[in-house]
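# Report on the structure
One letter stands for each residue in the lines below.
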Amino acid sequence: MRTRAAVAVAAGKPLEIMEVNLDDPKEGEVLIEIKATGICHTDEFTLSGADPEGIFPSILGHEGAGVVVKCGPGVKTLKPGDHVIPLYTPECRECPSCLSRKTNLCTAIRATQGQGLMPDGTTRFSMLDGTPIYHYMGCSTFAQHTVLPEIALAKVREDAPFDKICYIGCGVTTGVGAVLNTANVEAGAKAVVFGLGGIGLNVIQGLKLAGADMIIGVDLNDDKKEWGERFGMTHFINPKSLPEGTSVVQAIVDMTKTPFDKIGGADYSFDCTGNVKVMRDALECTHRGWGQSIIIGVAPAGAVIETRPFQLVTGRVWKGTAFGGARGRTDVPKIVDWYMDGKIEIDPMITHILPLERINEGFDLMHAGKSIRAVVVF
Ligand SMILES: NC(=O)c1ccc[n+]([C@@H]2O[C@H](COP(=O)([O-])OP(=O)(O)OC[C@H]3O[C@@H](n4cnc5c(N)ncnc54)[C@H](O)[C@@H]3O)[C@@H](O)[C@H]2O)c1
Ligand SMILES: [Zn+2]
Ligand SMILES: [Zn+2]
């Protein structure tokens, strides 16, 4: 069939809207119609050329929601008409990683997904002249129709609006999941969130859901204070506004001290900036003996994190998380329920809605720091 897509023709170039060929789903694959897709920072990272694994031409996008149109042979758990959210972290429930119950990083299709291919090693998309177009993060949601393996689709309830729940395909789950799955934050905790963008705000609402007492947000942009407070942040620090000689680490340690606990430090911290210097501060502002710091941000190629080993010897823990530690097919439908039940918010974070033809404006808004999430609707 033919469908409409925004194609990333080369690194650093705007996306081009064009008609493309899309082949039928093969064994274990499903063809879906995308109804809405968010534009995430990671799409921008790849489009800019900074992603060493970026492949072109490709169809980017990994934060979508849509409807099943056609199932390939052997598909058992989905049927035409089902509402689904594509998963860049699939859940096969059969591989060593899935069976370990210790990670969400399913390895069933990892190798081909990283090469922009379906599990059989070929692509379903091509240009009208036959040139293959690569898949992206196994999802390629910047197309009106796309093909995914069955194990990379979460079936969700049919009354949930596509233009909101698409955000659960990455940003919401990453932020909320980092709190609930990776850090396992307990009620009463003191936590710090570095970077109050589309991910950090979801960490904040996850912390509120977990019952954290103190939620400190850190951002270089003062406009983010109001955004953070909107979702439950209790304190804000702009590192640029601290008194001369006070580090952000010292400021956080001081804020978290009590008459009983004169050591101070956060119980949990989250990096949502991708800056390795911020990651170090995030570790070092946590409490001696038990503080945990979770890395969510994606750093530039070749960047390394550093700290003194003594920080870990004295009980601090450094962790990272992908897709918020969520097992997609199991957890994503539950997060959709939380949204529909009003336990988490999405609507205010969708700051812009655009038609596919204007998708490049969504990237411009992100560069300018003007959007939390821009969503493309088909
Ligand atoms: N681990 C995962 O599964 C996963 C999933 C999605 C996104 N990400 C990554 O998460 C990061 C955040 O994504 P986003 O969409 O929220 O980005 P964003 O651009 O919307 O937000 C980043 C925020 O960090 C702030 N910031 C930048 N430098 C800072 C500094 N030095 N100190 C304090 N604040 C600073 C910015 O002002 C901005 O508000 C990105 O690196 C993205 O690639 C990771
Ligand atoms: Zn993303
Ligand atoms: Zn698996």
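Residues numbered from 1 in each chain as written. Chains lettered and ligands numbered in written order. Predicted model: local features only at pLDDT ≥ 70, side-chain atom pairs only at ≥ 80, totals over all residues. Heavy atoms only, no water.

### Re the side chain of Ser 58
Residue position: Ser 58 is located in the loop between α1 (41-48) and β4 (64-71). Within the local environment of Ser 58, its side chain forms a polar contact with the backbone oxygen of Ile 55, the two atoms lying 2.9 Å apart. (Helix = DSSP H or I, 4+ residues; strand = E, 2+ residues; numbered from the N terminus. Polar contact = N/O pair within 3.5 Å; in protein donor to acceptor, adjacent residues only side chain to side chain.)

### Here we look at the coordination of the zinc ion (ligand 2)
The protein atoms that coordinate the zinc ion (ligand 2) are Cys 40 (SG), His 62 (NE2) and Cys 170 (SG), at distances spanning 2.1 to 2.3 Å. Positions of the donor residues of the zinc ion (ligand 2) along the chain correspond to the pattern C-x21-H-x107-C. Of the two residues, Cys 40 sits in the loop between β3 (29-38) and α1 while His 62 sits in the loop between α1 and β4, which places them 22 residues apart along the sequence. (Donors = N, O, S within 2.8 Å, 3.2 Å for Na, K, Ca; no water.)

### A closer look at the sheet that holds strand β1 (residues 2-7)
Strands pair in a sheet through their backbones, by hydrogen bonds, and they do so in one of two ways: parallel or antiparallel. Taken in spatial order, the four strands of this open sheet run β1-β2-β6-β7, and their pairing is antiparallel. Taken across any chain shown, the strands that pair with only one partner, and hence form the sheet edges, are β1 and β7 (132-133). Alignment of strand β2 (residues 16-22) against strand β6 (residues 125-126), held across two bridges, turns out to be antiparallel. Its bridge partner being in β6, Asn 21 is matched across the sheet by Ser 126. (Pairing = 2+ DSSP bridges.)

### Quick notes on the UniProt feature "domain: Alcohol dehydrogenase-like C-terminal" (unreviewed entry) in the protein chain
As annotated by UniProt and renumbered to match this structure, "domain: Alcohol dehydrogenase-like C-terminal" (unreviewed entry) occupies residues 198-338. As annotated, residues 198-338 has a helix share of 36% and a strand share of 14%, and its two end C-alpha atoms lie 18 Å apart. (UniProt positions renumbered as here; feature names shortened; annotations may be inferred.)

### Things to note about the coordination of the zinc ion (ligand 3)
Coordination of the zinc ion (ligand 3) by the protein is provided by Cys 92 (SG), Cys 95 (SG), Cys 98 (SG) and Cys 106 (SG), with metal-donor distances spanning 2.3 to 2.4 Å. Metal-centred angles of 105 to 116° between the four donor atoms at the zinc ion (ligand 3) mark the site as tetrahedral. Each donor residue of the zinc ion (ligand 3) belongs to the same chain, and together they define the spacing C-x2-C-x2-C-x7-C. Here Cys 92, found in the loop between β5 (83-86) and α2 (96-100), pairs with Cys 106, found in the loop between α2 and α3 (110-114); they are 14 residues apart in sequence, far enough to count as distant. Of the two residues, Cys 92 and Cys 106, both sit in the buried class. (Tetrahedral: all angles 85-135°; square planar, octahedral: opposite > 155°, others 65-115°. Buried < 20%, exposed > 50% of the residue type's maximum accessible area, 1.4 Å probe, protein only.)

### Some thoughts on the pattern of salt bridges
Opposite charge on two side chains makes pairing possible when the charged atoms of those side chains draw close. Scanning the entire structure with this criterion turns up 20 salt bridges. One salt bridge in this structure joins Asp 159 and Arg 157, with 2.7 Å as the shortest N-O distance. Taking the relative accessible area as the measure of exposure, Asp 159 reaches 49% and is therefore partly exposed. For Arg 280, the salt bridge identified is with Glu 306, shortest N-O distance 3.8 Å. (Salt bridge = Lys/Arg side-chain N within 4 Å of Asp/Glu carboxyl O.)

### Side note on the domain arrangement of the protein chain
Reports of interface size often rely on the accessible area that becomes lost once the parts have come together. If you check the domain split of the protein chain, you get domain 1 (2-169 + 346-377) and domain 2 (175-321). At the interface, nine residues of domain 1 touch eleven residues of domain 2. Carbon and sulfur atoms make up 72% of the area that domain 1 and domain 2 hide from each other, which totals about 860 Å². Considering only the side of domain 1, the residues that lose the most area to domain 2 are Pro 348, Met 349 and Ile 372, jointly responsible for 55% of the buried surface there. Between domain 1 and domain 2 we count zero salt bridges in total. Our count for the domain 1 to domain 2 interface comes out at two residue pairs in polar contact (both at pLDDT 80 or more). Broken down by class, the residue content of the side of domain 1 that touches domain 2 amounts to seven nonpolar, one polar and one charged. (Domains from an automatic or database assignment. Contact = heavy atoms within 4.5 Å. Buried area = accessible area lost by both parts, 1.4 Å probe. Nonpolar A, V, L, I, M, F, W, Y, C, P; charged D, E, K, R; others polar.)

### Considering the sheet that holds strand β11 (residues 214-218)
Across the sheet, which stays open at both edges, the six strands sit in the order β12-β11-β10-β13-β14-β15 with parallel pairing between neighbours. Lying at the two open borders of the sheet, with one neighbouring strand each, are β12 (235-237) and β15 (317-320). Strand-to-strand twist across the sheet, computed as the mean angle between neighbouring axes with direction ignored, equals 20°. Pairing analysis gives three bridges linking β11 to β12, with the strands arranged parallel. Residue pairing across strands places Ile 216 opposite His 235, the latter belonging to β12. (Axes fitted to C-alpha atoms, helices over the stretch in contact; angles between N-to-C directions.)

### Side note on the site of ligand 1
Residues in contact with ligand 1 amount to 25 residues; listed here are only the nearest, Ile 199, Asp 219, Lys 224, Thr 321 and Phe 323. Within the contact set of ligand 1, an oxygen atom lies 2.8 Å away from a backbone nitrogen or oxygen of Ile 199. Residue Ile 296 places a main-chain N or O atom 2.9 Å away from a nitrogen atom belonging to ligand 1. In the complex, the protein chains occlude 83% of the 870 Å² of accessible area that ligand 1 would expose alone. Two domains each donate at least three residues to the shell around ligand 1, and these are domain 1 (2-169 + 346-377) and domain 2 (175-321). (Near = heavy atom within 4 Å. Areas by Shrake-Rupley, 256 points an atom, 1.4 Å probe, with all protein chains shown as cover.)

### With respect to helix α9 (residues 276-284)
Every buried residue of α9 is listed here: Val 278, Met 279, Ala 282, Leu 283 and Glu 284. The residue sitting at the N-terminus of α9 and contributing the capping side-chain oxygen is Asn 275; that oxygen lies 2.8 Å from the backbone nitrogen of Lys 277.

### Some points on the nonpolar core
Membership of the largest hydrophobic core comes to 94 residues, with the highest contact counts inside it found for Ile 168, Leu 207 and Phe 270. Of the residues that make up this core, three or more belong to each of domain 1 (2-169 + 346-377) and domain 2 (175-321). Not counting chain neighbours up to four residues away, the residues in contact with Phe 270 comprise Ala 178, Val 179, Ala 183, Val 185, Ala 191, Val 192, Val 193, Phe 194, Val 203, Leu 207, Ile 294 and Ile 296. Grouped together as the second largest cluster of nonpolar side chains are 15 residues, Phe 194, Ile 237, Ala 266 and Ala 282 included. (Core = buried A, V, L, I, M, F, W, Y, C linked by side-chain atoms within 4.5 Å.)

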